[in-house]
Amino acid sequence: MDKKRVGILISGRGSNMMSLVEASRDPAYPAEIVTVISSRPEAPGLDWAAGRGLPVRAIDHRAHASRQDFDSALHEALTAAGVDLVCCAGFMRLMTAGFVEKWRGRMLNIHPSLLPAFKGLDAQAQALAAGVKIAGCTVHFVEPEMDSGPIVAQAAVPVLPDDTPDGLAARILAAEHKLYPHALRLVASGTARLVNGRVVVNGTVNQTAQLFSPAL
Ligand code: GRF
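Residues numbered from 1 in each chain as written. Predicted model: local features only at pLDDT ≥ 70, side-chain atom pairs only at ≥ 80, totals over all residues. Heavy atoms only, no water.

With that settled, consider helix α5 (residues 123-130). Among all positions in α5, only Ala123, Gln124 and Ala127 are buried. When α5 is viewed along its axis, its buried side chains cluster within an angular range of 105° and face the same direction. Contacts from the buried residues of α5 go to β5 (107-111) and α6 (165-188). Once α5 finishes, Gly131 follows within two positions and takes phi at roughly 75°, a positive value. (Buried < 20%, exposed > 50% of the residue type's maximum accessible area, 1.4 Å probe, protein only. Helix = DSSP H or I, 4+ residues; strand = E, 2+ residues; numbered from the N terminus. Arc of directions from axis to C-beta. Contact = heavy atoms within 4.5 Å.)

The two faces of a sheet get side chains in turn, since along a regular strand they alternate between them. Pairing geometry for strand β6 (residues 134-141) and strand β7 (residues 151-158), over 7 bridges, is antiparallel. Along β7, the bridge assignment pairs Ala135 with Val157. Here 2 bridges tie β7 to strand β10 (residues 212-213), and the two strands are oriented antiparallel to one another. The partner of Gln154 across the bridge, within β10, is Ser213. (Pairing = 2+ DSSP bridges.)

To continue, consider the site of the ligand. In the neighbourhood of the ligand, the contacting residues comprise Arg13, Gly14, Ser15, Asn16, Gly90, Ile110, His111, Pro112 and Glu176. Note that an oxygen atom of the ligand is positioned 2.5 Å from one of the side-chain N or O atoms of Ser15. Burial of the ligand by the protein amounts to 85% of the accessible area it has alone, namely 370 Å². Where the shell around the ligand is concerned, the elements lending two or more residues are α1 (15-24) and β5. Residues that form the shell around the ligand fall into these classes: 2 nonpolar, 5 polar and 2 charged. Both of domain 1 (1-103) and domain 2 (110-138 + 152-201) provide at least three residues apiece to the shell around the ligand. (Near = heavy atom within 4 Å. Polar contact = N/O pair within 3.5 Å; in protein donor to acceptor, adjacent residues only side chain to side chain. Areas by Shrake-Rupley, 256 points an atom, 1.4 Å probe, with all protein chains shown as cover. Nonpolar A, V, L, I, M, F, W, Y, C, P; charged D, E, K, R; others polar. Domains from an automatic or database assignment.)

A few words on the pattern of salt bridges. Following the criterion strictly, the structure yields 9 salt bridges and no others. Arg171 is the salt-bridge partner of Asp163, the closest N and O atoms lying 2.8 Å from each other. Residue classification places Asp163 among the buried positions, given a relative accessible area of 15%. Classification of Arg171 by relative accessible area gives partly exposed; the value is 24%. (Salt bridge = Lys/Arg side-chain N within 4 Å of Asp/Glu carboxyl O.)

Turning our eyes to something else, we now look at the sheet that holds strand β1 (residues 4-10). Here we have 8 strands laid out as an open sheet, ordered β3-β2-β1-β4-β5-β6-β7-β10, and mixed in their pairing. In this open sheet, the two strands that pair with only one neighbour each are β3 (56-58) and β10. Contacting β1, β2 (31-38), β4 (85-88) and β5, α1 runs over the sheet at an angle of about 155° to β2. (Axes fitted to C-alpha atoms, helices over the stretch in contact; angles between N-to-C directions.)

When you line up the elements, His111 lands in strand β5. Reaching out from His111, the side chain makes a polar contact with the side chain of Asp147 at a distance of 3.4 Å.

With that settled, the discussion passes to the packing of α5 against α6. It is the contact of α5 with α6, at a shortest axis distance of 9 Å, that shows an interaxial angle of 115°. Note on packing geometry: the crossing formed by α5 with α6 is right-handed. Of α6, the residues touching α5 (which contributes Gln124, Ala125, Ala127 and Leu128) are Pro165, Leu168, Ala169 and Ile172. Of the residues that constitute the contact of α5 with α6, the class distribution is 7 nonpolar, 1 polar and no charged. (Left-handed = near helix turned anticlockwise from the far one by under 90°.)

Moving on, we get to the environment of Arg171. Structurally, the position occupied by Arg171 is in helix α6. In the structure, Arg171 is positioned 137 residues away from Val34 in sequence and 29 Å away in space, judged by C-alpha atoms. Here Arg171 is in contact with Val157, Pro158, Val159, Leu160 and Asp163, once residues within four sequence places are set aside.

Printed below as a string of structure tokens:
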């Protein structure tokens, strides 16, 4: 199988990165993780990935004078690793439009809300404050504007009466860990394609998994 070469960008804990790495261990998975890059050298996720024998890089954003410099270093590292697809997974840096343009249609992000609602930080607390009864998470192609871009897949998660931001975040995170490997599979296999700024998914839909769309 011609697997897509994936670079994962993190800044911290890296639990979504872990779910992608675990999924990619399946020989039938259409993507392999060829590099994990962190914007923070002290990110716990970097140690985990290194411990798994994955090629890791820290590109410290504090060591770069400007966003452009940082994004150039990032682009070089991804290119040197022969990356086809980029997965942002808790990557806490705003990217320059130039960088996004270079990876347009080849870069995914996960966000803990049902976009376009609740962009930005503390999406789970925003959802609670708004009183929504269904929350969730979204994997989308990255566009220059933060937390926007064609949606590949979403998962819905209930909001419970006594939810705290942490409790809701944990419930959403469990869904993220299923959704991101699923979305990357769709994109890496070519099952999901960008057509006129929207994502079109080919193939059959499993009606028993309706809270994941496209269904698992
Ligand atoms: C996740 O909730 C993700 O949706 C958001 O940042 C968090 C990262 O968590 N973009 P982790 O580092 O993947 O554990």
